[in-house]
Amino acid sequence: MDVAYSINRVPIRLTDERWSHIVESHDDLAGYYEDCLQVLEQPEFVLRGRHGSLKAVRSYGRNRYLAVIYREASKSDGFVITAYFEERINRRDILWRR
């Protein structure tokens, strides 16, 4: 398990179990473990997610974004829900931008 700190300085856990689940569902993310942690700590955007989650996003080339979905459960704990590449982001849901 590794921990990255969100823009709100909340520690966000990425467990081995969660990473395995992410890579099983999104095999194109194999090899992007460290990138996911970096996106959490240094996103270009943070967007409002569903059901109280947050979405850290960073551009990976033209029309390709790495999105890491996470939840800040408290000021001292959070966890990654999933991660994936996407072609577009909905900029109207931006909560924070670099």
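Cut-offs applied
- Residues numbered from 1 in each chain as written.
- Predicted model: local features only at pLDDT ≥ 70, side-chain atom pairs only at ≥ 80, totals over all residues.
- Heavy atoms only, no water.
- Helix = DSSP H or I, 4+ residues; strand = E, 2+ residues; numbered from the N terminus.
- Buried < 20%, exposed > 50% of the residue type's maximum accessible area, 1.4 Å probe, protein only.
- Contact = heavy atoms within 4.5 Å.
- Polar contact = N/O pair within 3.5 Å; in protein donor to acceptor, adjacent residues only side chain to side chain.
- Pairing = 2+ DSSP bridges.
- Axes fitted to C-alpha atoms, helices over the stretch in contact; angles between N-to-C directions.

J.: I keep staring at the environment of Glu 72 and nothing clicks. Help me out?
T.: Counting through the fold element by element, Glu 72 comes out in strand E5 (residues 65-74). For Glu 72, a relative accessible area of 23% gives the class partly exposed. When the C-alpha atoms of Glu 72 and Glu 24 are compared, they prove to be 24 Å apart, with 48 residues separating the residues in sequence. Among residues more than four places away in sequence, those in contact with Glu 72 are Ser 6, Asn 8, Val 10, Ile 12, Leu 54, Asp 77 and Gly 78. Engagement of the side chain of Glu 72 in a polar contact is seen with the side chain of Ser 6, the distance being 2.7 Å.

J.: Would you mind going over the sheet that holds strand E7 (residues 94-97) with me for this structure?
T.: In a beta sheet, neighbouring strands pair by backbone hydrogen bonds and run either parallel or antiparallel. With mixed pairing, seven strands are arranged side by side in an open sheet as E1-E2-E6-E5-E4-E3-E7. The open sheet has two free edges, formed respectively by strand E1 (2-5) and E7, since each of these has just one partner strand. Strand-to-strand twist in this sheet, taken as the mean axis angle between neighbours without regard to direction, amounts to 30°. Where strand E3 (residues 45-48) and strand E4 (residues 54-59) come together, four bridges link them in antiparallel fashion. Pairing of Val 46 across the sheet is with Ala 56, part of E4. Against the sheet, helix H1 (residues 16-25) contacts strand E2 (11-14) and strand E6 (77-86), and its axis sits at roughly 15° relative to E6.

That's the geometry; what it means functionally is another story.
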